[in-house]
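Listed below are the residues making up each chain.
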Amino acid sequence: MRTDYTEIFQDPAAAEKYETVVYAPDSYASAVNERQRRYLRALVLRSFPDRRPVQHDFACGTGRAIRTLHGLVRAAHGYDTSAAMLAKAAEVGAPAALHEVPATGPVPAPVTAGTPAIVTIFRLLLNVDDATRHRALGFAARALPHHRAGLLVVENHGNRASLRHLRGRRRRGDSWFAELSHDEVTTLLARHGFTVVERRGCAMVPQGWYSRRWLRPLARLVDGVGVRLPLLSGFAVDVLYVARRTHPASTATHPDAATW
């Protein structure tokens, strides 16, 4: 696992690559993003029928989750430690108020209170250390103080129980090849008082299937079928977890409890 994840994205060149290369048209990431978009928009419409929520997107990067929910939220706020990422989000027109937050110290507070709210945390948990994970979920707990406050949606783009796991031996020692199990994610959420209420797979096959042009149509077919079957989410590479706050966070056993 990388220990310099946050620092890497302080570089404007890294922010540019993230937006234009990682999410290039017809790429693996853009295909996953489109499935996530369809699912999240449907989730918001059925979960908030009476009043549109405020979105708080933590580690917002270039604002993809913000753009995903545009038009379905009454306001959006993006938070990131990288000024370069926030600048890119503004450049591509992410429709939100953007806020630079410190990487250490007390857990940032949402800039506005009120419910309902939806907190989104995408492409963060997998490649950061536990302290950063707890910091992100500590923020979510502040934005969603009780069960009726709204929803938390987090992404795990390296599920240990997926086909991607088969590459683990060959990529042993690769700092970008991290994995999280469903149990690890649900336990992490529970530490902050969240219970998973829904899980959705957004990709069944590894990224490598999309890098081979002859294999790409099969990859899209498998993904298209697999993501429509909720029972297969346990074996998806990319998984979204929808959670609600159910009880106060348990901080007693964590050494960094004072900061989250």
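The structure under discussion appears in the preceding block.
Draft legend 1. Molecular detail of the pattern of salt bridges. Inspection of every chain in the model, using the stated rule, returns 12 salt bridges. A salt bridge links Arg35 to Asp223; its shortest N-O distance comes to 3.4 Å. Residue Arg35 is found in helix α3 (residues 28-47), and its partner Asp223 is found in helix α9 (residues 216-226); the two are separated by 188 residues along the sequence. Assessed through its relative accessible area of 10%, Arg35 is described here as buried. Via salt bridges that share partners, Glu16, Lys88 and Glu91 belong to a single interconnected network.

Draft legend 2. Region of interest: a nonpolar patch on the surface. Together, Leu218, Leu221, Val222, Val225, Leu229, Leu232 and Phe235 make up a nonpolar patch on the protein surface, roughly 600 Å² of accessible area in all. Residue position: Leu221 is located in helix α9. When its relative accessible area of 54% is taken as the criterion, Leu221 is described as exposed.

Draft legend 3. View of the pairing of strand β3 (residues 97-100). In terms of strand pairing, strand β2 (residues 75-80) meets β3 through four bridges, oriented parallel. Of the residues in β3, the one forming a bridge with Tyr79 is His99. In this region the chain leaves β2, passes through helix α5 (residues 83-91) and returns to the parallel neighbour β3; the handedness of that crossover is right-handed.

Draft legend 4. View of the pairing of strand β5 (residues 150-156). For β5, the buried fraction is high: seven of the seven residues fall into the buried class. Direction of pairing for strand β4 (residues 117-121) relative to β5: parallel, over a ladder of five bridges. Bridge assignment links Ala117 to a residue of β5, and that residue is Gly150. What joins β4 to β5 is helix α6 (residues 130-143), and the crossover it makes is right-handed. Pairing between β5 and strand β7 (residues 238-245): five bridges, direction antiparallel. Note that in β7 the partner of Leu152 across the bridge is Ala243.

About the criteria used
Residues numbered from 1 in each chain as written. Predicted model: local features only at pLDDT ≥ 70, side-chain atom pairs only at ≥ 80, totals over all residues. Heavy atoms only, no water. Salt bridge = Lys/Arg side-chain N within 4 Å of Asp/Glu carboxyl O. Helix = DSSP H or I, 4+ residues; strand = E, 2+ residues; numbered from the N terminus. Buried < 20%, exposed > 50% of the residue type's maximum accessible area, 1.4 Å probe, protein only. Patch = residues over 30% accessible without salt bridge, like charges linked within 9 Å, V, L, I, M, F, W, Y side chains within 5 Å. Areas by Shrake-Rupley, 256 points an atom, 1.4 Å probe, with all protein chains shown as cover. Pairing = 2+ DSSP bridges. Right-handed = clockwise from strand over helix to strand, strands pointing away.

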